[in-house]
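Working through the structure, step by step
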Amino acid sequence: MLNLVIFGAPGSGKGTQSEVLIEQYGFDHISTGDLLREEIKQESELGKAAKSFIDAGQLVPDGLIIGMIEKVLEERQPKRGLILDGFPRTVAQAEALDELFAKHGTAVHAVLELRVGEDELIQRLLKRGMGSGRSDDNLETIKKRLDVYHAQTAPIAEHYGKKGVHHAIPGSGAISDITARIGEVIDTLG
Ligand code: B4P
């Protein structure tokens, strides 16, 4: 059982690469962004609480996210492997995940950081925003999300670097080339 975290700035290709990896390796997938959008669609209490943060380009508070993850992990009980996409997004979330995995006798085996230049990130998200209707894919919110990423999410690279499981992956170029770079890391994990 392999536990992978895929992280990177908004638009770095987390969701895109996760889709390919699910297909290729048969891993289970948990995207906190997808889960939150579903909660918003269902108009649940969690969805109502999360919406204003997402629309403002802010992170949803750690307590809400950690509670949601605990519940989903209990329900899914993944067997072959798990890709966590967009979680953890703060050091507090990373610490909570480490504790949760330790309780189940497992750990994060690799953290894959997709690195893409800021101009390209903005262009990708603006392009997605034209078709997706996502309320957070507009220039003002994208810039806010990038600031939040640098301040609150980027430090998790250091957290996992200290544990020896962090891998930086160049995230520009053809989607298949980026998947191949990720595959090289996965192959070293056995
Ligand atoms: P997410 O849904 O995780 O959104 P995201 O950061 O924009 O990444 P996503 O995975 O969707 O996009 P991708 O890079 O694949 O989060 C949304 C919001 O939810 C957050 O801002 C936050 O408010 C909240 N949230 C989620 N998780 C949270 C947590 N743990 N804690 C607190 N709050 C949380 O792709 C982007 C675009 O690039 C796509 O259109 C794709 O087609 C394109 N693309 C991908 N790869 C490409 C390539 N190689 N070349 C060209 N284009 C490419």
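Shown above is the structure to which this text applies.
Residues numbered from 1 in each chain as written. Predicted model: local features only at pLDDT ≥ 70, side-chain atom pairs only at ≥ 80, totals over all residues. Heavy atoms only, no water.

This part is about the site of the ligand. The environment of the ligand is made up of 28 residues, and the closest members are Gly13, Thr32, Gln58, Arg128 and Arg145. Within the backbone of serine 12, an N or O atom sits 3.1 Å from an oxygen atom of the ligand. Contact distances for the ligand include 3.4 Å between a nitrogen atom and a side-chain N or O atom of arginine 124. A molecule is said to occupy a pocket when more than half its atoms come within 2 Å of that pocket's grid points, and by this definition the ligand occupies the largest pocket. Of all elements in the fold, only helix H1 (14–25), helix H2 (32–41), helix H6 (118–132) and helix H9 (175–189) reach the threshold of two or more residues within the shell around the ligand. Of the residues forming the shell around the ligand, the biggest block, four residues, is contributed by H2. (Near = heavy atom within 4 Å. Polar contact = N/O pair within 3.5 Å; in protein donor to acceptor, adjacent residues only side chain to side chain. 1 Å grid on protein atoms, 1.4 Å probe; cavity = no way out; pocket = protein on both sides within 12 Å on 5 of 7 lines; lining within 4 Å. Sits in = over half its atoms within 2 Å of the grid points. Helix = DSSP H or I, 4+ residues; strand = E, 2+ residues; numbered from the N terminus.)

If you look at the biggest cluster of nonpolar residues, it comprises 35 residues, and the most contacted ones within it are Ile30, Ile69, Leu84, Leu97 and Tyr160. Per-element accounting of this core gives the leading share, five residues, to helix H4 (residues 62–76). In this structure isoleucine 30 touches Leu35, Ile69, Val72, Leu73, Arg76, Leu82, Ile83, Leu84 and Asp85, once residues within four positions along its chain are discounted. One finds Leu2, Leu112, Val185 and Ile186 within the second-largest nonpolar core, a separate group that totals 14 residues. (Core = buried A, V, L, I, M, F, W, Y, C linked by side-chain atoms within 4.5 Å. Buried < 20%, exposed > 50% of the residue type's maximum accessible area, 1.4 Å probe, protein only. Contact = heavy atoms within 4.5 Å.)

Moving on, we come to the packing of H6 against helix H7 (residues 139–153). The contact between H6 and H7 brings their axes to 10 Å, and the two run at 135°. Taken together, the axes of H6 and H7 are oblique relative to one another. Note on packing geometry: the crossing formed by H6 with H7 is right-handed. Contact residues: Glu118, Leu121, Ile122, Leu125, Leu126 and Arg128 in H6; Leu139, Ile142, Arg145, Leu146 and His150 in H7. The residue makeup of the contact of H6 with H7, split by class, is seven nonpolar, one polar and three charged. (Axes fitted to C-alpha atoms, helices over the stretch in contact; angles between N-to-C directions. Parallel < 35°, antiparallel > 145°, perpendicular 65-115°, else oblique. Left-handed = near helix turned anticlockwise from the far one by under 90°. Nonpolar A, V, L, I, M, F, W, Y, C, P; charged D, E, K, R; others polar.)

This part takes up the environment of leucine 46. Note on placement: leucine 46 falls in helix H3 (residues 45–55). With relative accessibility at 18%, the residue leucine 46 sits in the buried group.

One number sums up the size of the largest pocket: a volume of about 980 Å³. Looking at the largest pocket, it is lined by 41 residues, and the ones nearest its centre are Gly11, Lys14, Arg128, Arg134 and Arg145. Breaking the lining of the largest pocket down by element, the ones donating at least two residues are H1, strand S2 (28–31), H2, H6, H7 and H9. Broken down by class, the residue content of the lining of the largest pocket amounts to 12 nonpolar, 17 polar and 12 charged. The space that makes up the second largest pocket amounts to roughly 240 Å³. Taken together, Met1, Asn3, Glu70, Leu73, Glu74, Gln77, Pro78, Leu82, Leu100, Phe101, His104 and Thr106 make up the full set of residues lining the second largest pocket. The set of elements that each furnish at least two residues to the lining of the second largest pocket consists of H4 and helix H5 (91–103). If one sorts the elements of the lining of the second largest pocket by residue count, H4 sits on top with three residues. (Points joined across faces, edges and corners; volume = space filled by probe spheres on them.)

Purely spatial values, then, with no claim about function.
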